[in-house]
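Residue-level structure breakdown
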Amino acid sequence: MAFTFEELKVKTVQQLREIAQQTGHEAVQGASQMNKEHLLPALCVALGIEAHEHHAASGIDKTSIKAEMRRLRKRRDEALNEHDEMTLNAIRRQIHHLNHRIRAHTH
């Protein structure tokens, strides 16, 4: 049976050890002594799957948001050099808001 990283991640250590025993791959040698933190990446190597999660931003255009943030950072630097506190605070709030939008959609 083929597993995904997410499926393996929610399994118990005992279940992961049983899967490791069934594979017989050298990457999982000594699986009975491994904890979940070490066993999970070894199983990923043995099963040939990626050993990390992908966080896809759904419902937003992350590229355009990042471009807007770069533009705002340049404006922030200009406001900082000109000692314009009101503009500086407004730009910082906009950057914060855009960061929050990206983080809220990467689940």
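Residues numbered from 1 in each chain as written. Predicted model: local features only at pLDDT ≥ 70, side-chain atom pairs only at ≥ 80, totals over all residues. Heavy atoms only, no water.

1. Describing the confidence of the model for the chain
- Taken as a whole, the chain shows an average pLDDT of 88; of its residues, 91% reach a score of 70 or greater.
- Across the chain, the secondary-structure element scoring lowest on mean pLDDT is helix 1 (residues 5-9), at 86, and the one scoring highest is helix 4 (residues 62-82), at 95. (pLDDT = per-residue confidence, 0-100. Helix = DSSP H or I, 4+ residues; strand = E, 2+ residues; numbered from the N terminus.)

2. Observations regarding helix 4
- Taking 1.5 Å per residue, 21 residues should reach 30 Å; helix 4 reaches 30 Å between its end C-alpha atoms and fits that length.
- Those residues of helix 4 not exposed but buried are Ile65, Met69, Leu72 and Ala79. For helix 4, the arc enclosing every buried residue in end-on projection is 80 degrees, short of the 170-degree limit, so these residues lie on one face. When the buried face of helix 4 is taken as reference, the exposed residues oriented beyond 90 degrees from it are Thr63, Lys74 and Asn81.
- As for helix 4, its buried residues are in contact with helix 5 (85-104).
- Looking one or two residues past helix 4, histidine 83 carries a phi angle of roughly 60 degrees, positive in sign. (Expected span 1.5 Å × (residues − 1). Buried < 20%, exposed > 50% of the residue type's maximum accessible area, 1.4 Å probe, protein only. Arc of directions from axis to C-beta. Contact = heavy atoms within 4.5 Å.)

3. Re the environment of methionine 86
- With respect to the helices and strands, the residue methionine 86 is situated in helix 5.
- The class for methionine 86 is exposed, based on a relative accessible area of 71%.

4. Focus on the pattern of salt bridges
- If you walk through the whole model with that rule in mind, you get two salt bridges.
- When the shortest N-O distance is used, the salt bridge between glutamate 68 and arginine 71 registers 2.4 Å. Here arginine 71 and glutamate 68 lie together in helix 4, a separation of three residues that amounts to about one turn.
- In this structure glutamate 68 comes out as partly exposed when scored by relative accessible area, which is 29%.
- Measuring nitrogen to oxygen at the nearest pair gives 3.7 Å for the salt bridge that ties aspartate 77 to arginine 76.
- In this structure aspartate 77 comes out as partly exposed when scored by relative accessible area, which is 37%.
- Given a relative accessible area of 25%, arginine 76 falls into the partly exposed group. (Salt bridge = Lys/Arg side-chain N within 4 Å of Asp/Glu carboxyl O.)

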